[in-house]
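A look at the structure
Each chain, letter by letter, is given below.
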Amino acid sequence: MPAPTSLAGQIAIITGACGGIGAATARRFVRDGAHVVCLDLRQDALDELVGQITEAGGSAVGLAGDVTDSELPARAVALAQEAFGGLDILVNNAGMGSGMVPLWEVEPETWRRDLEINLTSQFMFIRAAVPVLIERGYGRIVNTASAAGMEGHALSGPYAAAKAGVIAMTKTLGKELAQKGVVVNAIAPALIGSGMLEQPWFSGEVKRTLLERIPMGRVGEPEEVAEMVAFLSSPALTFSTGAVFDLSGGRATY
Ligand SMILES: NC(=O)c1ccc[n+]([C@@H]2O[C@H](COP(=O)([O-])OP(=O)(O)OC[C@H]3O[C@@H](n4cnc5c(N)ncnc54)[C@H](O)[C@@H]3O)[C@@H](O)[C@H]2O)c1
(Lines give C-alpha, C1' and ligand atoms only; values in the text may rest on other atoms or scores of the structure.)
Protein backbone atom coordinates (compact mmCIF):
# COMPACT_ATOMS: atom_id res chain seq x y z
CA MET A 1 0.00 0.00 0.00
CA PRO A 2 1.43 3.43 -0.90
CA ALA A 3 2.26 5.75 2.01
CA PRO A 4 -0.44 8.43 2.56
CA THR A 5 2.05 11.10 1.55
CA SER A 6 2.58 9.37 -1.79
CA LEU A 7 1.05 10.70 -4.99
CA ALA A 8 1.23 7.28 -6.67
CA GLY A 9 -1.47 6.95 -9.30
CA GLN A 10 -2.85 10.45 -8.69
CA ILE A 11 -3.70 12.61 -11.70
CA ALA A 12 -2.69 16.25 -11.64
CA ILE A 13 -2.86 19.40 -13.74
CA ILE A 14 0.02 21.81 -13.16
CA THR A 15 -0.15 25.23 -14.83
CA GLY A 16 3.04 27.15 -15.58
CA ALA A 17 4.75 23.77 -15.53
CA CYS A 18 7.87 24.88 -17.37
CA GLY A 19 8.92 27.56 -14.90
CA GLY A 20 11.17 27.09 -11.90
CA ILE A 21 8.51 26.09 -9.38
CA GLY A 22 6.22 24.38 -11.92
CA ALA A 23 8.93 22.13 -13.36
CA ALA A 24 10.24 21.20 -9.91
CA THR A 25 6.67 20.34 -8.90
CA ALA A 26 6.03 18.26 -12.02
CA ARG A 27 9.27 16.31 -11.46
CA ARG A 28 8.46 15.83 -7.76
CA PHE A 29 4.96 14.54 -8.61
CA VAL A 30 6.08 12.01 -11.23
CA ARG A 31 8.87 10.80 -8.96
CA ASP A 32 6.08 9.71 -6.61
CA GLY A 33 4.20 7.96 -9.43
CA ALA A 34 1.68 10.68 -10.31
CA HIS A 35 0.41 11.33 -13.84
CA VAL A 36 0.79 14.97 -14.78
CA VAL A 37 -0.76 17.26 -17.37
CA CYS A 38 1.91 19.94 -17.78
CA LEU A 39 0.51 23.20 -19.08
CA ASP A 40 2.52 26.22 -20.18
CA LEU A 41 2.71 29.01 -22.72
CA ARG A 42 5.93 27.72 -24.20
CA GLN A 43 5.64 24.71 -26.53
CA ASP A 44 9.41 24.17 -26.87
CA ALA A 45 9.94 24.18 -23.10
CA LEU A 46 6.97 21.81 -22.70
CA ASP A 47 8.39 19.39 -25.26
CA GLU A 48 11.69 19.41 -23.39
CA LEU A 49 10.11 18.92 -19.93
CA VAL A 50 7.69 16.18 -20.97
CA GLY A 51 10.43 14.50 -23.02
CA GLN A 52 12.78 14.42 -20.02
CA ILE A 53 10.07 13.12 -17.69
CA THR A 54 8.87 10.35 -20.01
CA GLU A 55 12.41 9.30 -20.96
CA ALA A 56 13.08 8.85 -17.25
CA GLY A 57 10.02 6.58 -16.99
CA GLY A 58 7.59 9.18 -15.61
CA SER A 59 4.05 9.83 -16.80
CA ALA A 60 3.29 13.25 -18.27
CA VAL A 61 1.63 14.96 -21.21
CA GLY A 62 1.97 18.57 -22.31
CA LEU A 63 -0.66 21.15 -23.18
CA ALA A 64 0.49 24.45 -24.67
CA GLY A 65 -1.68 27.47 -24.09
CA ASP A 66 -2.27 30.72 -22.29
CA VAL A 67 -4.04 30.38 -18.92
CA THR A 68 -6.04 33.50 -19.77
CA ASP A 69 -7.67 31.63 -22.65
CA SER A 70 -11.12 30.86 -21.25
CA GLU A 71 -11.33 27.56 -23.15
CA LEU A 72 -8.04 26.17 -21.87
CA PRO A 73 -9.19 24.96 -18.41
CA ALA A 74 -11.85 22.66 -19.88
CA ARG A 75 -9.30 21.35 -22.41
CA ALA A 76 -6.85 20.61 -19.60
CA VAL A 77 -9.46 18.70 -17.59
CA ALA A 78 -10.53 16.76 -20.71
CA LEU A 79 -6.88 15.89 -21.44
CA ALA A 80 -6.37 14.59 -17.88
CA GLN A 81 -9.43 12.41 -18.30
CA GLU A 82 -8.50 11.15 -21.78
CA ALA A 83 -4.82 10.56 -21.09
CA PHE A 84 -5.01 9.24 -17.53
CA GLY A 85 -8.67 8.54 -16.71
CA GLY A 86 -9.62 11.33 -14.29
CA LEU A 87 -8.44 14.19 -12.15
CA ASP A 88 -7.36 14.38 -8.50
CA ILE A 89 -5.16 17.45 -8.20
CA LEU A 90 -5.08 20.99 -9.57
CA VAL A 91 -1.96 23.08 -9.02
CA ASN A 92 -2.65 26.67 -10.06
CA ASN A 93 0.95 27.78 -10.46
CA ALA A 94 1.19 29.96 -13.60
CA GLY A 95 1.81 33.60 -12.83
CA MET A 96 4.07 36.54 -13.46
CA GLY A 97 4.84 40.06 -12.32
CA SER A 98 4.88 43.00 -14.68
CA GLY A 99 7.59 45.35 -13.47
CA MET A 100 8.19 48.07 -10.95
CA VAL A 101 5.66 50.89 -11.31
CA PRO A 102 3.89 52.97 -8.64
CA LEU A 103 0.25 51.99 -8.45
CA TRP A 104 -1.11 55.31 -9.67
CA GLU A 105 1.01 55.09 -12.81
CA VAL A 106 -0.02 51.55 -13.73
CA GLU A 107 -1.84 51.48 -17.05
CA PRO A 108 -5.40 50.15 -16.66
CA GLU A 109 -4.62 47.60 -19.36
CA THR A 110 -1.62 46.35 -17.33
CA TRP A 111 -3.78 46.14 -14.19
CA ARG A 112 -6.41 44.09 -16.02
CA ARG A 113 -3.84 41.81 -17.62
CA ASP A 114 -2.03 41.17 -14.30
CA LEU A 115 -5.27 40.27 -12.56
CA GLU A 116 -6.27 38.09 -15.49
CA ILE A 117 -3.01 36.09 -15.38
CA ASN A 118 -2.51 35.94 -11.62
CA LEU A 119 -6.05 35.68 -10.26
CA THR A 120 -8.80 35.16 -12.84
CA SER A 121 -6.96 32.30 -14.54
CA GLN A 122 -6.82 30.41 -11.21
CA PHE A 123 -10.58 30.98 -10.81
CA MET A 124 -11.20 29.66 -14.34
CA PHE A 125 -9.24 26.46 -13.68
CA ILE A 126 -11.11 26.01 -10.39
CA ARG A 127 -14.40 26.41 -12.28
CA ALA A 128 -13.43 23.66 -14.69
CA ALA A 129 -11.93 21.25 -12.14
CA VAL A 130 -14.16 21.48 -9.07
CA PRO A 131 -17.29 19.79 -10.52
CA VAL A 132 -15.11 16.80 -11.51
CA LEU A 133 -13.53 16.64 -8.05
CA ILE A 134 -16.90 16.95 -6.28
CA GLU A 135 -18.25 14.14 -8.43
CA ARG A 136 -15.28 12.01 -7.42
CA GLY A 137 -15.66 13.00 -3.74
CA TYR A 138 -11.94 13.64 -3.50
CA GLY A 139 -9.56 16.35 -4.62
CA ARG A 140 -6.63 18.56 -3.76
CA ILE A 141 -6.21 22.12 -5.02
CA VAL A 142 -3.10 24.21 -4.45
CA ASN A 143 -3.29 27.86 -5.47
CA THR A 144 -0.13 29.92 -5.74
CA ALA A 145 -0.27 33.20 -3.87
CA SER A 146 2.77 35.17 -2.71
CA ALA A 147 4.14 37.00 0.30
CA ALA A 148 3.23 40.06 -1.79
CA GLY A 149 -0.43 39.11 -1.38
CA MET A 150 -0.03 38.99 2.40
CA GLU A 151 2.05 42.13 2.89
CA GLY A 152 1.55 44.25 -0.22
CA HIS A 153 4.59 45.00 -2.36
CA ALA A 154 5.66 48.52 -3.31
CA LEU A 155 5.83 48.98 -7.09
CA SER A 156 4.08 45.66 -7.78
CA GLY A 157 0.52 46.75 -7.00
CA PRO A 158 -1.43 44.70 -9.56
CA TYR A 159 0.55 41.55 -8.75
CA ALA A 160 0.13 42.03 -4.98
CA ALA A 161 -3.60 42.71 -5.36
CA ALA A 162 -4.04 39.62 -7.54
CA LYS A 163 -2.18 37.42 -5.05
CA ALA A 164 -4.25 38.82 -2.15
CA GLY A 165 -7.27 37.84 -4.24
CA VAL A 166 -5.88 34.31 -4.57
CA ILE A 167 -5.73 34.09 -0.77
CA ALA A 168 -9.33 35.29 -0.32
CA MET A 169 -10.50 32.95 -3.10
CA THR A 170 -8.71 30.00 -1.45
CA LYS A 171 -10.23 30.74 1.97
CA THR A 172 -13.69 31.00 0.41
CA LEU A 173 -13.42 27.84 -1.67
CA GLY A 174 -11.96 25.90 1.26
CA LYS A 175 -15.09 26.66 3.28
CA GLU A 176 -17.42 25.87 0.36
CA LEU A 177 -15.83 22.46 -0.28
CA ALA A 178 -15.06 21.53 3.33
CA GLN A 179 -17.51 18.63 3.41
CA LYS A 180 -16.99 17.37 -0.12
CA GLY A 181 -13.64 15.65 0.22
CA VAL A 182 -11.89 18.41 -1.70
CA VAL A 183 -9.34 20.47 0.20
CA VAL A 184 -8.03 23.76 -1.12
CA ASN A 185 -4.95 25.54 0.12
CA ALA A 186 -2.60 28.27 -1.02
CA ILE A 187 1.14 28.68 -0.81
CA ALA A 188 2.75 32.06 -0.21
CA PRO A 189 6.38 31.98 -1.33
CA ALA A 190 8.58 35.00 -0.66
CA LEU A 191 11.67 34.77 -2.85
CA ILE A 192 12.35 31.61 -4.81
CA GLY A 193 15.24 31.10 -7.24
CA SER A 194 13.26 30.69 -10.47
CA GLY A 195 12.72 32.41 -13.80
CA MET A 196 10.99 35.25 -11.97
CA LEU A 197 14.25 36.34 -10.43
CA GLU A 198 15.95 36.49 -13.82
CA GLN A 199 13.84 39.51 -14.74
CA PRO A 200 15.76 42.81 -15.06
CA TRP A 201 14.07 44.42 -12.04
CA PHE A 202 15.58 41.78 -9.72
CA SER A 203 19.11 43.04 -9.34
CA GLY A 204 21.34 45.29 -7.28
CA GLU A 205 19.53 47.21 -4.57
CA VAL A 206 16.18 45.42 -5.03
CA LYS A 207 17.83 42.02 -4.65
CA ARG A 208 19.86 43.10 -1.61
CA THR A 209 16.84 44.64 0.14
CA LEU A 210 14.67 41.58 -0.43
CA LEU A 211 17.38 39.19 0.77
CA GLU A 212 17.97 41.24 3.91
CA ARG A 213 14.35 40.65 4.90
CA ILE A 214 14.77 36.85 4.88
CA PRO A 215 16.14 35.59 8.22
CA MET A 216 17.61 32.51 6.52
CA GLY A 217 19.58 34.94 4.33
CA ARG A 218 18.99 33.16 1.04
CA VAL A 219 16.39 32.63 -1.67
CA GLY A 220 14.35 29.44 -1.54
CA GLU A 221 14.84 26.67 -4.08
CA PRO A 222 12.00 25.58 -6.39
CA GLU A 223 12.44 22.03 -5.05
CA GLU A 224 11.63 23.28 -1.54
CA VAL A 225 8.36 24.70 -2.84
CA ALA A 226 7.64 21.49 -4.76
CA GLU A 227 7.99 19.49 -1.56
CA MET A 228 5.32 21.53 0.16
CA VAL A 229 3.04 21.42 -2.89
CA ALA A 230 3.44 17.62 -2.96
CA PHE A 231 2.36 17.36 0.67
CA LEU A 232 -0.58 19.73 0.16
CA SER A 233 -1.62 17.63 -2.86
CA SER A 234 -1.39 14.31 -1.08
CA PRO A 235 -3.96 12.16 0.72
CA ALA A 236 -1.92 12.79 3.91
CA LEU A 237 -3.38 16.28 4.12
CA THR A 238 -6.75 15.82 5.77
CA PHE A 239 -7.54 18.65 8.22
CA SER A 240 -6.23 21.79 6.53
CA THR A 241 -8.32 23.65 4.01
CA GLY A 242 -8.64 27.30 3.09
CA ALA A 243 -5.19 27.79 4.61
CA VAL A 244 -2.12 29.67 3.42
CA PHE A 245 1.27 27.99 3.79
CA ASP A 246 4.30 30.18 4.08
CA LEU A 247 7.59 29.63 2.20
CA SER A 248 9.63 32.64 3.24
CA GLY A 249 12.73 31.49 5.10
CA GLY A 250 11.36 32.99 8.32
CA ARG A 251 10.29 36.36 6.85
CA ALA A 252 6.57 35.93 7.49
CA THR A 253 5.30 37.16 10.83
CA TYR A 254 1.61 36.76 10.08
N1 LIG B 1 9.81 33.00 -7.65
C2 LIG B 1 9.33 33.68 -6.62
O3 LIG B 1 10.08 34.33 -5.87
C4 LIG B 1 7.87 33.66 -6.33
C5 LIG B 1 7.41 34.27 -5.16
C6 LIG B 1 6.06 34.26 -4.88
C7 LIG B 1 5.17 33.67 -5.75
N8 LIG B 1 5.63 33.10 -6.90
C9 LIG B 1 4.65 32.51 -7.79
O10 LIG B 1 5.04 31.20 -8.15
C11 LIG B 1 4.46 30.85 -9.40
C12 LIG B 1 5.50 30.23 -10.29
O13 LIG B 1 6.47 31.20 -10.60
P14 LIG B 1 8.01 30.86 -10.83
O15 LIG B 1 8.73 31.55 -9.74
O16 LIG B 1 8.23 29.41 -11.04
O17 LIG B 1 8.26 31.72 -12.15
P18 LIG B 1 8.74 31.27 -13.59
O19 LIG B 1 8.77 32.53 -14.38
O20 LIG B 1 9.97 30.45 -13.49
O21 LIG B 1 7.58 30.32 -14.12
C22 LIG B 1 6.32 30.77 -14.51
C23 LIG B 1 5.82 29.86 -15.61
O24 LIG B 1 4.48 30.22 -15.92
C25 LIG B 1 4.36 30.29 -17.33
N26 LIG B 1 3.34 31.27 -17.65
C27 LIG B 1 3.39 32.61 -17.42
N28 LIG B 1 2.30 33.18 -17.88
C29 LIG B 1 1.53 32.20 -18.42
C30 LIG B 1 0.29 32.17 -19.08
N31 LIG B 1 -0.39 33.32 -19.29
N32 LIG B 1 -0.20 30.99 -19.50
C33 LIG B 1 0.49 29.84 -19.31
N34 LIG B 1 1.69 29.80 -18.70
C35 LIG B 1 2.20 30.97 -18.27
C36 LIG B 1 5.72 30.72 -17.84
O37 LIG B 1 5.92 30.33 -19.21
C38 LIG B 1 6.65 29.98 -16.90
O39 LIG B 1 6.99 28.69 -17.39
C40 LIG B 1 3.83 32.13 -9.94
O41 LIG B 1 2.43 32.13 -9.70
C42 LIG B 1 4.49 33.22 -9.12
O43 LIG B 1 3.70 34.38 -9.00
C44 LIG B 1 6.95 33.08 -7.21
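Residues numbered from 1 in each chain as written. Predicted model: local features only at pLDDT ≥ 70, side-chain atom pairs only at ≥ 80, totals over all residues. Heavy atoms only, no water.

**Concerning the sheet that holds strand β4 (residues 89-92)**
Strand pairing in a sheet takes place through backbone hydrogen bonds and is either antiparallel or parallel in direction. Heads up, the condition is: Strands are labelled as partners when DSSP assigns at least two bridges between them. Helix and strand definitions follow DSSP, with helices as H or I runs of at least four residues and strands as E runs of at least two, each counted in order from the N terminus. To define axes, lines are fitted to C-alpha atoms, for helices over the stretch in contact only, and angles between the resulting N-to-C directions are given on a 0 to 180 degree scale. By the convention used here, residues are in contact when the closest approach between their heavy atoms is within 4.5 Å.
Read from one edge to the other, the open sheet built from seven strands follows the order β3-β2-β1-β4-β5-β6-β7, with strand pairing classed as parallel. Where the open sheet ends on each side, the last strands, each with one partner, are β3 (59-64) and β7 (243-247). Each strand axis lies, on average, 20 degrees off the axis of its neighbour in the sheet, ignoring direction. Packing of helix α2 (residues 43-55) onto the sheet brings it into contact with β2 (35-40) and β3, and relative to β3 it is tilted by some 175 degrees. Across the sheet, helix α8 (residues 222-232) is in contact with β4, β5 (139-144), β6 (182-189) and β7; its angle to β7 comes to roughly 155 degrees.

**Topic: the state of the cysteines**
Rule in force here: In plain terms, two cysteine sulfur atoms within 2.5 Å form what is called a disulfide here. We call a residue buried when its accessible area falls under 20% of the maximum for its residue type, exposed when it is over 50%, and partly exposed in between, using a 1.4 Å probe and counting protein chains only.
In total, this model carries zero disulfides according to the counting rule given. Not engaged in a disulfide, the cysteine C18 finds its nearest cysteine sulfur in C38; these two sulfurs lie 6.9 Å apart. With relative accessibility at 14%, the residue C18 sits in the buried group. Looking at C38, the relative accessible area reads 0%, which means it is buried.

**Notes on the pairing of β6**
Burial of β6 is extensive: eight of the eight residues sit out of reach of the surface. Going residue by residue along β6, you find V182, V184, A186 and A188 tucked away on one face and V183, N185, I187 and P189 tucked away on the opposite face as well. Two elements, β5 and β6, share six bridges in a ladder whose sense is parallel. Counterpart to I141 in the pairing with β6 is V184. Alignment of β6 against β7, held across five bridges, turns out to be parallel. Counted as the bridge partner of A188 is D246 from β7.

**Examining helix α3 (residues 72-84)**
Here is the rule: One less than the number of residues in a helix, times 1.5 Å, gives the span that helix is expected to have.
The terminal C-alpha atoms of α3 lie 18 Å apart, and with 13 residues this matches the ideal 18 Å at 1.5 Å per residue to within 8%. Looking at the buried side of α3, the elements it contacts are β1 (11-15), β2, β3 and α4 (108-136). Taken from the residues just after α3, G85 is the one with a positive phi, measuring 95 degrees.

**Some words on the packing of helix α1 (residues 20-31) against α2**
Heads up, the condition is: Between 65 and 115 degrees an angle is taken as roughly perpendicular, under 35 as roughly parallel, over 145 as roughly antiparallel, and anywhere else as oblique. Crossings are assigned a handedness: left-handed for a near helix turned anticlockwise from the far helix by less than a right angle, right-handed for a clockwise turn. Residues were grouped as follows: Ala, Val, Leu, Ile, Met, Phe, Trp, Tyr, Cys and Pro as nonpolar; Asp, Glu, Lys and Arg as charged; and all remaining residues, including Gly, as polar.
Across the interface, α1 lies against α2 with an axial gap of 11 Å and an inter-helix angle of 20 degrees. Comparing their axes, α2 and α1 come out roughly parallel. Seen along the crossing, α1 lies across α2 with a hand that is right-handed. Residues A23, A26, R27 and V30 of α1 pack against L49, Q52 and I53 of α2. Looking at the contact of α1 with α2 residue by residue, the class counts come to five nonpolar, one polar and one charged.

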